[in-house]
Amino acid sequence: MNILFLYISLPHLSQNGVFVDLIKEFDKQGHNVKVVTPARKGDSVGLSKEAGIDVIRFKTDQLTNNTSNIQKGIAYIKLIYQFPKAVFDFFRKEKFDLIIAISIPTEMGLIIKRLKKYYNAKAYLMLCEYIWQDSVSLGFFKEKSIICRYYKWLEAFMIRTVDFIGSPSQGNINFTLHYYPWAVEKNIHILHYSKFPVQIKLAYNTIRQKYNLNNNFVAIYGGNMSIAQKAENIINLAEACQEYKDIIFLLLGRGQEVDFCKNEAKIRGVTNIIFIDFLPREEYYELLSVCDVGLISLNEKLAIPNIPSKTLDYFNLGVPVVASIDRVTDYGQYLEQAEAGLWSYAGDITSFKENLLKLYNSPELRKRMSEKGMEFYNKYMIPAYGYQTIIEHISL
């Protein structure tokens with residue numbers, strides 16, 4: 001098949017990543033793959049080969065996490081024109097059988113519609129973001145506002161436009177069908193996040209010594225720290241565990257809430273937290289591989305079923321999960337299915353602490369959940385499984 005991938009943010013294909021590896025798997029399976037994505041800071045603009053695949057990176061407005069929501073909104077609207085222009089500038093004479101795109105921004109539906117018509121192609125949507133519901137729940141705008149009506153229309157248009165839909169959990173599917181019962185016609189199904197396995201070259205003790213972790217019990221949070229994650233939940237947990245002198249918390253990542261969390265920890269006198277702004281990807285994997293617990297935090301105000309993609313790395317490297325989650329997501333059931341972690345509702349610091357201490361006090365439980373997480377990863381979260389899932393659910 002000739003396949004066009006559309007993504008809002010994509011690392012260089014020489015790297016590994018949730019969507020990068022799926023693209024490379026389609027190429028590996030013998031399909032003619034093309035990719036179009038906005039250029040990130042430092043990227044070259046235009047058509048180039050990345051891991052042997054044709055990739056167009058085009059210039060657009062800033063889309064990073066440090067950009068304001070208004071700036072992002074304007075940039076997303078511009079993409080309605082910029083995406084097709086980039087495709088037609090380089091691939092106008094190509095034939096595409098299938099367009100695969102992610103559901104952010106919601107304007108992607110308008111982009112897909114134009115490209116579907118021109119190429120007479122089918123479209124597959126990886127639906128894992130719900131912009132208006134998320135924004136209303138976090139207080140960015142009101143449900144009856146004009147901007148919310150705009151995003152409601154865009155979301156419905158996007159789902160109507162595509163032919164097939166994959167989502168990361170049953171909760172996502174149920175959520176979609178609650179608002180759009182007719183979406184059942186889109187052959188909606190579960191498509192787990194996927195990445196190629198990480199290989200750690202250094203020995204466990206060598207890595208522990210490298211990062212001066214000694215014999216401490218290490219709980220790590222790695223990833224974006226924005227309002228949706230509410231990393232303050234982890235500050236609360238660390239504060240509640242200060243009596244345990246051998247438990248340390250590593251918070252690694254960037255985002256709008258980092259400075260708030262640092263200040264909050266300082267004000268409260270929480271001394272068992274180490275903040276790390278950035279580590280190269282390989283060093284992050286090394287560090288993660290020797291941690292005892294991987295933390296997940298979701299804002300209790302969230303009204304969408306969120307499956308954190310960092311679960312991939314936790315499961316891949318056999319790191320048991322302790323999660324603090326909202327009441328809408330089915331992430332708790334996800335962990336129970338995998339038997340690879342414990343969860344509690346956000347705001348319930350007592351249960352959050354109890355779950356952490358269950359793993360702290362039981363090396364046997366940690367070992368069992370570590371093995372179960374790796375087993376789940378190897379069964380459902382490798383790109384070959386994601387590829388096969390898509391192929392089995394499309395009909396061209």
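Draft legend 1. How the structure looks around the pairing of strand β12 (residues 293-297). Among the five residues of β12, five are classified as buried, and the element is accordingly described as predominantly covered. Where burial is concerned, the two faces of β12 agree: the one with Val-293, Leu-295 and Ser-297 and the one with Gly-294 and Ile-296 are both buried. Relative to β12, strand β9 (residues 217-222) runs parallel, the two sharing two bridges. Paired with Ala-219 across the strands is Val-293, a residue of β12. One ladder, built from four bridges, connects β12 with strand β13 (residues 321-325); its direction is parallel. For Ser-297, the partnering residue across the bridge sits in β13 and is Ser-324. Note that the unit made of β12, helix α11 (residues 311-316) and β13 has a crossover that is right-handed.

Draft legend 2. The packing of aromatic side chains, seen in detail. Tallied over the entire structure, the rule returns 27 aromatic pairs. Ring centres 4.9 Å apart and planes at 80° place the aromatic pair Phe-96 and Tyr-119 in the edge-to-face group. Here the residue Phe-96 occupies a position in the loop between α2 (69-91) and β5 (98-102), and Tyr-119 occupies one in helix α3 (residues 108-119), the gap between them amounting to 23 residues. The pair formed by Phe-96 and Tyr-119 is uniform in burial state, with each residue classed as buried. With a centroid separation of 5.4 Å and 80° between ring planes, the pair formed by Trp-132 and Tyr-179 is classed as edge-to-face. On the criterion of sequence distance, the pair formed by Trp-132 in helix α4 (residues 131-137) and Tyr-179 in helix α6 (residues 170-179) is long-range, its members being 47 residues apart. Of the aromatic side chains, those joined through ring pairs into one cluster are Tyr-130, Trp-132, Phe-175, Tyr-179, Tyr-180 and Trp-182. Taking NZ or CZ as reference, Lys-152 lies 4.7 Å from the ring centre of Trp-132, over its face.

Draft legend 3. Geometry of the packing of helix α8 (residues 232-240) against helix α13 (residues 349-361). Contact pair α8 / α13: the axes reach a minimum separation of 10 Å and the direction vectors enclose 65°. One finds that α8 runs roughly perpendicular with respect to α13. Here α8 runs over α13; the crossing is right-handed. In contact with Asn-233, Asn-236, Leu-237 and Ala-240 of α8, α13 contributes Ile-349, Phe-352, Lys-353 and Leu-356. Partitioned by chemical class, the residues of the contact of α8 with α13 number five nonpolar, two polar and one charged.

Draft legend 4. Structural detail: unusual backbone geometry. In this structure, the amide linkage connecting Ile-104 to the following residue, Pro-105, adopts the cis form with an omega of 0°. Looking at the element boundaries, Pro-105 is found in the loop between β5 and α3. You will see that Asn-120, though not glycine, has its phi angle at about 50°, which is positive. Its location among the elements puts Asn-120 in the loop between α3 and β6 (122-126). Of the residues examined, Asn-120 reaches a relative accessible area of 70% and is grouped as exposed. Backbone geometry places Asn-212, a non-glycine residue, at a positive phi of 55°. If you trace the backbone, Asn-212 turns up in the loop between α7 (204-210) and β9.

Draft legend 5. Inspection of the state of the cysteines at higher detail. This structure, assessed with the given rule, holds zero disulfides. You can see Cys-128 has no disulfide; the closest cysteine sulfur is in Cys-148, sitting 19 Å from it. In this structure Cys-241 is not part of a disulfide, and its nearest cysteine sulfur, from Cys-291, lies 15 Å away. On the accessibility criterion, Cys-241 (0% relative accessible area) is buried.

Conventions adopted
- Residues numbered from 1 in each chain as written.
- Predicted model: local features only at pLDDT ≥ 70, side-chain atom pairs only at ≥ 80, totals over all residues.
- Heavy atoms only, no water.
- Buried < 20%, exposed > 50% of the residue type's maximum accessible area, 1.4 Å probe, protein only.
- Helix = DSSP H or I, 4+ residues; strand = E, 2+ residues; numbered from the N terminus.
- Pairing = 2+ DSSP bridges.
- Right-handed = clockwise from strand over helix to strand, strands pointing away.
- Phe/Tyr/Trp six-rings, centres within 6.5 Å; stacked < 30°, edge-to-face > 60°.
- Lys NZ or Arg CZ within 6 Å of the ring centre and 35° of its normal.
- Axes fitted to C-alpha atoms, helices over the stretch in contact; angles between N-to-C directions.
- Parallel < 35°, antiparallel > 145°, perpendicular 65-115°, else oblique.
- Left-handed = near helix turned anticlockwise from the far one by under 90°.
- Contact = heavy atoms within 4.5 Å.
- Nonpolar A, V, L, I, M, F, W, Y, C, P; charged D, E, K, R; others polar.
- Disulfide = S-S within 2.5 Å.

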